[in-house]
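Okay, here's what each chain looks like letter by letter:
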Amino acid sequence: MTDCPAMPLSLTDADRSMLAGDYGRATALAMRVVTRTAEAMGATSLLDIEGAHVDGCLYHGRAGLDFAERLADVDGEVAVTTTLNVGSLDLLHPGLVRMPPARAAHARRLMDAYVALGCRPTWTCAPYQLPARPRFGAQLAWAESNAIVFANSVLGARSERYGDFMDIACAISGRAPAVGLHTDAGRRATLVVRVEGVPERIGVSTAGLGALGHVLGKRIGNHVPVIVGLPPGLPEDGLKALGAAAASSGAAGLLHVVGSTPEAPTIDAVVTGRLDEIRIDLEDLRLGRDELTTTGARELGAVCLGTPHASVRELLALAAAVEEHGPPVVPMYVNTSRAVLEALGEAASSLEGAGVRVVTDTCTYLTPILGGIDGSVMTDSAKWAWYAPGNLGFDVVFGTTDECVRSAADGRIQRDDRFWDAG
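Residues numbered from 1 in each chain as written. Predicted model: local features only at pLDDT ≥ 70, side-chain atom pairs only at ≥ 80, totals over all residues. Heavy atoms only, no water.

Here the focus is empty space enclosed by the protein. Once rolled over the atoms, a probe with the size of a water molecule shows which space is left empty. Applying the stated criterion to the full structure yields 2 cavities of 30 Å³ or more. In this structure, the largest cavity spans a volume of roughly 60 Å³. Along the walls of the largest cavity sit 13 residues, with Ser 153, Val 154, Leu 239, Gly 243 and Leu 255 positioned nearest its centre. For the lining of the largest cavity, the secondary-structure elements that each account for two or more residues are helix 5 (145-155) and helix 9 (236-249). Class assignment for the residues of the lining of the largest cavity results in 8 nonpolar, 4 polar and 1 charged. Size it by volume and the second largest cavity reaches roughly 30 Å³. What lines the second largest cavity is simply Arg 289, Phe 398, Gly 399, Glu 403, Arg 415, Asp 416, Asp 417 and Trp 420. Of the residues contributing to the lining of the second largest cavity, the split by class is 2 nonpolar, 1 polar and 5 charged. (1 Å grid on protein atoms, 1.4 Å probe; cavity = no way out; pocket = protein on both sides within 12 Å on 5 of 7 lines; lining within 4 Å. Points joined across faces, edges and corners; volume = space filled by probe spheres on them. Helix = DSSP H or I, 4+ residues; strand = E, 2+ residues; numbered from the N terminus. Nonpolar A, V, L, I, M, F, W, Y, C, P; charged D, E, K, R; others polar.)

Set out below in structure tokens:
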């Protein structure tokens, strides 16, 4: 028995016109990227998209800058509403990022090039927190792993896991491969995950869901899981933490959570036939929490929150916690978007007045913001804890938001293991 040969990619007349250069050089280049990627993904056709989110505006080196400026130089322009992920600079707080001037200049040029292409200067990894967000069923080309899993899972929009170059190529052409998570068949669950013996206080908390997401990402591979056993009606901030962690430690692009995500009111809504099952219990979550902590020392150098970017609700909760426990005596940073900061209004001034350093347009695990830190960095974000040791070289302690705020006020790491008890 031999494998069936792959079907060739079928293009419309408009697709061929774009490839031929009838819509300009930038569109032709974008279509070359889209069609070659579609062939590699096994797609047999392309589809129209309604929006895109570009991750390529974060400066990693000259290749990304050259690609964006080449598109801009030949009058490239996005064909759909396109938001921009974090860049390498905080444009609202100049001087916060400690970067060599030449590299900072390149980072700014890259951000400017994407704005010149018609992208919205949103500078956030959480575009789903903007006032206008994709409708259920909308076809998208989103990059940034947490944004992809949130759009697919929580909004019920549709995007594959796209990255640099493909994101802007889809935005300019308005086309994406009709394959995988864009399709009905590709969104069906292929694995059942049963969460058992986890107290509700943990199952609804950001830290608990972050630890669960970390474990999930490592165990589900390329499956589309359906998760049963969590409390119904989970808040968006909790689902954000769950998806971001699963997309960091693994390759999650869509998580169905029975009773919380729109395509999974019941398990039967997303399951066809009998599927393999895995079980995750409280001990697994404790192990996940421990894996996200790289040191047992109590010396605290800083606290970093808001990865993915904090929502208005999270910032208000942070302000209340700081008021309860007292102002930080070590540097405390929270990452958020300029749109959320504006929506926060006067509360933003009180947060900063209490000693919390607000970071916009970028993120503290990506860019050199933390300086002169003596001790570990504490975070309530499984994503931050996963990436920061390798990116920044700091030891990290993972805890709840309340533990982070209490620790910042005390100047030493404070954690309450009773939170993770079965009772």
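Below, the discussion takes up the sheet that holds strand 7 (residues 225-228). Read from one edge to the other, the open sheet built from 4 strands follows the order 8-7-6-9, with strand pairing classed as parallel. Sheet topology places strand 8 (256-257) and strand 9 (277-281) at the edges, where each strand pairs with a single neighbour. Both strand 6 (residues 191-196) and strand 7 contribute to a ladder of 4 bridges, which runs parallel. Directly across from Leu 191, in strand 7, lies its bridge partner Pro 225. (Pairing = 2+ DSSP bridges.)

Under the counting rule described, the total for this entry stands at 4 aromatic pairs. Pairing Tyr 128 with Phe 150 gives two aromatic rings, centres 3.7 Å apart and planes at 15°, and the pair type is stacked. Of the two residues, Tyr 128 is situated in the loop between helix 4 (101-116) and strand 4 (140-142) and Phe 150 in helix 5; the sequence distance between them amounts to 22 residues. With a centroid separation of 5.3 Å and an interplanar angle of 85°, the aromatic rings of Phe 419 and Trp 420 are classed as edge-to-face. With respect to class, Phe 419 is no different from Trp 420; both count as buried. One Lys or Arg, Arg 201, reaches over the ring of Phe 419 and ends 6.0 Å from the middle of that ring. (Phe/Tyr/Trp six-rings, centres within 6.5 Å; stacked < 30°, edge-to-face > 60°. Buried < 20%, exposed > 50% of the residue type's maximum accessible area, 1.4 Å probe, protein only. Lys NZ or Arg CZ within 6 Å of the ring centre and 35° of its normal.)

With that settled, consider the pattern of salt bridges. Tallied over the entire structure, the rule returns 26 salt bridges. For Arg 62, the salt bridge identified is with Asp 66, shortest N-O distance 2.8 Å. Taken together, the positions of Arg 62 and Asp 66, both in helix 3 (residues 62-73) and 4 residues apart, correspond to about one turn of that helix. Here Asp 66 falls in the partly exposed class, since its relative accessible area comes to 38%. Its salt-bridge partner being Glu 291, residue Lys 218 comes within 3.1 Å of it at the nearest N-O pair. Highlighted residues: Lys 218 in helix 8 (residues 206-219) and Glu 291 in helix 10 (residues 282-291), separated in sequence by 73 residues. Look at Lys 218 and you get partly exposed, because its relative accessible area is 46%. On the basis of relative accessibility, which here comes to 46%, the residue Glu 291 falls in the partly exposed class. (Salt bridge = Lys/Arg side-chain N within 4 Å of Asp/Glu carboxyl O.)

Moving on, we get to helix 11 (residues 312-325). For helix 11, which comprises 14 residues, the first-to-last C-alpha distance of 20 Å matches the rise-based estimate of 20 Å (1.5 Å per residue) to within 8%. Just downstream of helix 11 lies Gly 326, where phi reads positive at about 105°. (Expected span 1.5 Å × (residues − 1).)

Another aspect to go through is the sheet that holds strand 4. Here we have 3 strands laid out as an open sheet, ordered 3-2-4, and parallel in their pairing. Strands at the two margins of the open sheet, each flanked by one partner only, are strand 3 (81-84) and strand 4. Going across the sheet, the axis of each strand differs from the next one's by a mean of 10°, ignoring polarity. Strands strand 2 (51-54), strand 3 and strand 4 of the sheet are contacted by helix 6 (residues 166-173), whose axis makes an angle of about 150° with strand 2. (Axes fitted to C-alpha atoms, helices over the stretch in contact; angles between N-to-C directions. Contact = heavy atoms within 4.5 Å.)

Once that is clear, we can look at the layout of surface pockets. As a volume, the largest pocket reaches approximately 420 Å³. Around the largest pocket, the lining comprises 29 residues; the ones closest to its centre are Thr 206, Gly 306, Glu 314, Asp 380 and Thr 401. Empty space within the second largest pocket amounts to approximately 290 Å³. When residues of the lining of the second largest pocket are traced back to their parent elements, those giving at least two are helix 5 and helix 14 (382-392). Classifying every residue of the lining of the second largest pocket by side-chain character gives 9 nonpolar, 4 polar and 4 charged.

Here we take up helix 3. The terminal C-alpha atoms of helix 3, which comprises 12 residues, lie 16 Å apart, in line with the 16 Å expected from a rise of 1.5 Å per residue. All of the buried residues in helix 3 are Gly 64, Leu 65, Phe 67, Ala 68, Glu 69 and Leu 71. Buried residues in helix 3 make contact with helix 2 (25-41), helix 4 and helix 6. Just beyond helix 3, the residue with positive phi is Asp 75, at close to 65°.

If you trace the backbone, Arg 175 turns up in strand 5 (residues 175-177). You can call Arg 175 buried: its relative accessible area is 9%. With sequence-adjacent residues up to four places away left out, Arg 175 is seen in contact with Thr 12, Asp 15, Met 18, Val 34, Leu 46, Leu 47, Asp 48, Ile 49 and Cys 170. Separated by 3.0 Å, the side chains of Arg 175 and Asp 48 make a polar contact. (Polar contact = N/O pair within 3.5 Å; in protein donor to acceptor, adjacent residues only side chain to side chain.)

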